[in-house]
Each structure stands twice: as C-alpha cells, then as structure tokens.
Amino acid sequence: QVQLVESGGGLVQAGGFLGLSCAASGSIFSVNTMGWYRQAPGKQRELVATITGDGTTHYADSVKGRFTISRDNAKNTVYLTMNSLKPEDTAVYYCNAGIVTGASRLTYNYWGRGTQVTVSS
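Residues numbered from 1 in each chain as written. Predicted model: local features only at pLDDT ≥ 70, side-chain atom pairs only at ≥ 80, totals over all residues. Heavy atoms only, no water.

Draft legend 1. Structural view of the overall build of the chain. Looking only at helices and strands, the chain has 0 helices and 11 strands in total. Each helix (α) and strand (β) of the chain, taken in turn from the N terminus, gives the series β-β-β-β-β-β-β-β-β-β-β. Against the compact-globule benchmark of 14 Å for 121 residues, the chain has a radius of gyration of 14 Å, which places it among compact chains. With the C-alpha coordinates aligned to their principal axes, the bounding extent of the chain is approximately 50 × 25 × 20 Å. Among the 121 residues that make up the chain, the fraction classed as buried is 39%. When contacts within the chain are restricted to residue pairs at least 6 apart in sequence, those whose partners lie at least 24 apart make up 56%. Within the chain, the 7 negative side-chain charges are centred at a point lying 4 Å from the centre of the 10 positive side-chain charges. (Helix = DSSP H or I, 4+ residues; strand = E, 2+ residues; numbered from the N terminus. Rg over C-alpha atoms; globule rule 2.2 N^0.38 Å. Buried < 20%, exposed > 50% of the residue type's maximum accessible area, 1.4 Å probe, protein only. Contact = heavy atoms within 4.5 Å. Lys, Arg positive; Asp, Glu negative; His and termini not counted. Charge placed at Lys NZ, Arg CZ, Asp CG, Glu CD.)

Draft legend 2. Inspection of the sheet that holds strand 1 (residues 3-7) at higher detail. The strand order 1-3-8-7 describes an open sheet built from 4 strands, whose pairing is antiparallel. Two strands bound the open sheet, and with one partner strand each, they are strand 1 and strand 7 (67-72). In this sheet, adjacent strand axes meet at a mean angle of 15° when their direction is disregarded. With 6 bridges connecting them, strand 3 (residues 18-25) and strand 8 (residues 77-82) associate as antiparallel partners. The residue bridging leucine 18 from the neighbouring strand is methionine 82, located in strand 8. (Pairing = 2+ DSSP bridges. Axes fitted to C-alpha atoms, helices over the stretch in contact; angles between N-to-C directions.)

Draft legend 3. Broad picture of the state of the cysteines. Scanning the entire structure with this criterion turns up 1 disulfide. Paired through a disulfide, cysteine 22 and cysteine 95 show a sulfur-sulfur distance of 2.0 Å. Every disulfide takes its handedness from the sign of the S-S torsion; for cysteine 22 and cysteine 95 that torsion is -85°, giving left-handed. Here cysteine 22, found in strand 3, pairs with cysteine 95, found in strand 9 (residues 91-101); they are 73 residues apart in sequence, far enough to count as distant. Among the residues examined, cysteine 22 registers a relative accessible area of 0% and is labelled buried. (Disulfide = S-S within 2.5 Å.)

Draft legend 4. Inspection of the side chain of arginine 71 at higher detail. As for its position among the elements, arginine 71 is in strand 7. Despite being buried, arginine 71 has no salt bridge partner; aspartate 54 is the closest side chain of opposite charge, sitting 7.5 Å away. Polar side-chain contacts of arginine 71 include one of 3.3 Å to the backbone oxygen of isoleucine 51. A polar contact is formed between the side chain of arginine 71 and the backbone oxygen of threonine 52, at a distance of 3.1 Å. Non-local contacts of arginine 71, meaning those with residues more than four positions away in its chain, are made with Val31, Asn32, Thr33, Met34, Ile51, Thr52, Gly53, Thr77, Val78 and Tyr79. (Salt bridge = Lys/Arg side-chain N within 4 Å of Asp/Glu carboxyl O. Polar contact = N/O pair within 3.5 Å; in protein donor to acceptor, adjacent residues only side chain to side chain.)

Structure representation (structure tokens):
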C-alpha cells in the first residue's frame, strides 16, 4: 500500500536549523498537494505548510519567513527546511499528501507516522 515515511527529526538549539523529508512510496499514480503538520503535547495538530503540485505554497503565520517547504516530484518527496528554530516549534511533525493510487485513480489523504523535533533553549 501507499505510505509516507518522514525523516530528519532531532534535537537542535534555539536559532538552529533542521531539515525534514517525507517520501511517498507504493502504488502511486500521482501525488497532489503535500504538506507538513505538527502537534505539540496537549495541543491539536496544526498546519505548518503545504505545497501544491505546481509549487504554490502556504505557511502558517507562526513559521512564515523561517520555514520553507519544497518538493521533488521525481522522487515523490516533500521537504521542510526549518531555520531560526524556537522552543515553541517543538512538536511531532507529520507529513501529509493527497495521492491518487494506481488502483482506484481516486485521491486519498495519507499521513506519515511523524518525526519528533525538539528545540532547546
């Protein structure tokens, strides 16, 4: 089946940087919008950034100017470059993608298992 696997999480100091990646694999016909979400302890999952198939991006106000989302369509991979990290960025970061499967030719939203990002002060 189709799955998303995140990588790149870790522990960094405030002001530092970190890059995340998420690769989709399986029976994929096409990958539409991809995005990153995060969830801190005791809080709801929130949108961080999204990127459409043609490269249009959206960012949460809290990360605008600091984070950059990008994608490599040939690799079915989405990236999140995080700069000037703050302690409040600490959360589990989840990858999301709208994927048209080879079997159904319908779009389904898939989620990765998440990767922990911890920013220390």
